[in-house]
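Here's the letter readout for the chains.
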Amino acid sequence: MENNLAINETLQVLPITTQHFGVMNGIMECDSRFFIEETETEVEEVQILSLNNHQIGSLGAAALTSSVTWTRLTQLHLISNNIGDEGATLLAQNRTWISLEMLFLADNNIGPVGAAKLSMNTSWENLTILSLSHNKLGDEGVEKLAENASWKNLQTLELVANEIGAIGAAKLAQNETWTQLKELDLAQNQIGEAGALELAKNESWKGLEMLNLSANRITDIAAGCLATNETWTKLKFLNLQQNVIQDAGLIAIATNNIWSQLKVLYLSMNLVGDEGVGYMAANNCWKELEELDLSYNNIGDAGIEKLAENVNWAKLNVLTLTGNSIEAQGVVHLAKNTSWLNLEVLELADVVVNDETVLNLVSNKNWQKLEFIELCEDGLADSTQDLLYGLRN
């Protein structure tokens, strides 16, 4: 046991290794005797328990929750353990972990039943981070989860890839307990237009800073409604990539005058064109914007010309435009920008340019911090390629 308990000044960590597990019916399960007999008597002060990727199953979950001494446990990492609804139900019955702040249960085959039981736990009042990504909650499970009334300190909720639709999104938005929520990750679900419209009605997440709705079938109408939410005034990170947003949706987003703290905006893999980009470039609210990803859309040289006229994003340091319909003339337009004084990275990986165009880019006197330009280097002179390489190094 002494070799498995690492202690430093601020926390005590119990890393469990495969020696504490036995194989039963082809499935590696936790040896409950280790937890019940040894852990209680020798490591009563454990604060962080990391047990990811061990396939402990419901038997292991039962052994964990049987411990009555870990009152100082603050973090429990159980990613990829196949605990299922039965294991989640057993964990939810725990009344000892009164100091628990972080619970990681991603990729555990948890469904609606397990989610419902977890939401009913009233002992984890200090919980700030809950990760349930890559499970099978569905609308039913999320609806039950959203009924939770005890996690008043919850700040981060991760629900990636859980088959969540409009109904689940609506129930989440109606929760009035999680008023401290700062990060909500709903990527790779199916909330669609109806779900996004319901999320946009939320009035309780006044401290929300990060919202990930990538790969959710978000439409123009839904994007526009999200942009009109007047509660999320502290939003800093918005991911809307891999949806079906076209120019109308981007125009609606561009009229936003609420997200004055927005720093990161991901819009890659949508259907945005020149008109939408033109409106977005005129936005005068996002003065804190540092990273903009517009890759893999339908933007051409005309849109890039408008983008280059932007005068408000003085803090922009990463601009990604790969995968559009940009040609050399578009790059020439970019080189004329005089406002992006903090630009460090410019990605145009598939744009074919000539030596003169590259020289125009690197000669921009306003981009003194530029460190990396990614372009198609086919046909460029060795000296020009060396110039690009010099920036990267």
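Residues numbered from 1 in each chain as written. Predicted model: local features only at pLDDT ≥ 70, side-chain atom pairs only at ≥ 80, totals over all residues. Heavy atoms only, no water.

A.B. asks: Would you mind showing me how to read the overall build of the protein here?
C.D. replies: Across its full length, the protein holds 14 helices and 17 strands. When burial is assessed residue by residue, the protein has 56% of its 393 residues classed as buried. Counting only contacts in the protein whose residues sit at least 6 apart along the sequence, the fraction spanning at least 24 positions is 85%. (Helix = DSSP H or I, 4+ residues; strand = E, 2+ residues; numbered from the N terminus. Buried < 20%, exposed > 50% of the residue type's maximum accessible area, 1.4 Å probe, protein only. Contact = heavy atoms within 4.5 Å.)

A.B. asks: Even after reading the chapter, I still don't get the packing of helix α8 (residues 220-227) against helix α9 (residues 247-254), so can you show me in this structure?
C.D. replies: The geometry of a pair of packed helices is captured by two quantities: the angle between their axes and the separation between those axes. Axis separation between α8 and α9 bottoms out at 8 Å; the angle between their running directions is 5°. Taken together, the axes of α8 and α9 are roughly parallel relative to one another. In this structure, α8 uses D220, A223, G224 and A227 to contact α9, whose residues at the interface are A248, G249, A252 and I253. Tallied by class, the residues present in the contact of α8 with α9 amount to 5 nonpolar, 2 polar and 1 charged. (Axes fitted to C-alpha atoms, helices over the stretch in contact; angles between N-to-C directions. Parallel < 35°, antiparallel > 145°, perpendicular 65-115°, else oblique. Nonpolar A, V, L, I, M, F, W, Y, C, P; charged D, E, K, R; others polar.)

A.B. asks: What is the right way to read the pairing of strand β16 (residues 345-352) from this model?
C.D. replies: If a strand is regular, its side chains alternate between the two faces of the sheet. In the sheet, strand β15 (residues 318-320) pairs with β16 via 3 bridges, with the strands oriented parallel. Bridging across to β16, L319 finds its partner in L346. You can see the chain leave β15, run along helix α12 (residues 328-334) and come back into β16, and the turn it takes is right-handed. Note that β16 and strand β17 (residues 372-376) share 5 bridges and pair parallel. In the sheet register, V345 faces β17, and the bridge partner there is F372. Chirality of the crossover, the property in question, places the unit of β16, helix α13 (residues 355-362) and β17 among those that are right-handed. (Pairing = 2+ DSSP bridges. Right-handed = clockwise from strand over helix to strand, strands pointing away.)

A.B. asks: Mind showing me how you'd approach the environment of E344 here?
C.D. replies: Relative to the assigned elements, E344 resides in the loop between α12 and β16. In sequence terms E344 and L391 are 47 residues apart; their C-alpha atoms lie 9.8 Å from each other. Ignoring sequence-local partners within four residues, the contact set of E344 consists of N317, K369, L370, E371 and F372.

A.B. asks: Explain α8 here, please?
C.D. replies: Along an α-helix, a turn takes 3.6 residues, which lines up residues three or four apart on a common side. Of all 8 residues in α8, 6 are buried, a share of seventy percent or more. Looking at the buried positions of α8, the neighbouring elements they touch are α7 (192-199) and α9.

A.B. asks: Got a minute to help me understand the pattern of salt bridges in this structure?
C.D. replies: Any two side chains of opposite charge can pair, so long as their charged atoms come close to each other. Tallying each qualifying case throughout the model produces 3 salt bridges. Note that E143 is salt-bridged to K171, the shortest N-O span being 4.0 Å. With E143 in helix α5 (residues 138-145) and K171 in helix α6 (residues 166-174), this pair connects stretches of sequence that are 28 residues apart. Classification of E143 by relative accessible area gives partly exposed; the value is 28%. The partner of E288 in a salt bridge is K315, with the nearest N and O atoms 2.7 Å apart. Of this pair, E288 sits in the loop between α10 (274-281) and β14 (291-293) while K315 sits in the loop between α11 (301-308) and β15, placing them 27 residues apart in sequence. By relative accessible area, which is 36% here, K315 ends up partly exposed. (Salt bridge = Lys/Arg side-chain N within 4 Å of Asp/Glu carboxyl O.)

A.B. asks: Would you explain the confidence of the model for the protein in this entry?
C.D. replies: Atom-level detail of predicted coordinates should not be read off regions where pLDDT is low. Per-chain confidence: the protein averages 88 in pLDDT, with 88% of residues scoring 70 or above. Low pLDDT (under 50) marks residues 1-42, which in the prediction has 89 contacts with non-local residues, meaning those over four places away or in another chain. (pLDDT = per-residue confidence, 0-100.)

A.B. asks: Any chance you could explain the packing of helix α4 (residues 112-119) against α5 here in plain terms?
C.D. replies: It is at 8 Å that the axes of α4 and α5 come closest, and there the two elements cross at 5°. Between α4 and α5, the interaxial angle falls into the category roughly parallel. In this structure, α4 contributes P112, A115, A116 and S119 to the contact, and α5 contributes E140, G141, K144 and L145.

A.B. asks: In this structure, what is going on with unusual backbone geometry? I would like to understand it.
C.D. replies: Leaving glycine aside, a negative phi is the common case for residues, and trans is the common case for peptide bonds. Despite not being glycine, N53 shows a phi value in the positive range, around 60°. In this structure, N53 sits in the loop between β5 (48-50) and α2 (57-66). At E163, a residue that is not glycine, the phi angle is positive and equals roughly 60°. Turning to its location among the elements, E163 is positioned in the loop between β9 (156-158) and α6.

A.B. asks: It is not clear to me how the nonpolar core should be interpreted in this structure. Could you clarify?
C.D. replies: Buried together is how nonpolar side chains tend to be arranged in soluble globular proteins. Of all hydrophobic cores here, the largest spans 102 residues; its most connected members are L157, M280, W286, L307, L319 and L334. If one sorts the elements of this core by residue count, α8 sits on top with 4 residues. Aside from chain neighbours lying at most four places away, what touches L307 is V277, M280, A281, L294, W313, L319, L321 and W340. (Core = buried A, V, L, I, M, F, W, Y, C linked by side-chain atoms within 4.5 Å.)

A.B. asks: Sorry, what's going on with the packing of aromatic side chains here?
C.D. replies: To describe a pair of aromatic rings, one takes the distance between the centres and the angle between the planes. A complete count under the given rule lists 3 aromatic pairs for this structure. Between F237 and Y266, the ring centres sit 5.3 Å apart and the planes meet at 80°, which makes this aromatic pair edge-to-face. Of this pair, F237 sits in strand β12 (residues 237-239) while Y266 is found in strand β13 (residues 264-266), placing the two residues 29 residues apart along the sequence. Relative to W367, the ring of W340 has its centre 6.3 Å away and its plane inclined at 10°; by these criteria the two rings are stacked. With a gap of 27 residues between them, W340 in the loop between α12 and β16 and W367 in the loop between α13 and β17 connect regions that are remote in the sequence. Given a relative accessible area of 0%, W340 falls into the buried group. Under the relative-accessibility criterion, W367 is labelled buried at 4%. (Phe/Tyr/Trp six-rings, centres within 6.5 Å; stacked < 30°, edge-to-face > 60°.)

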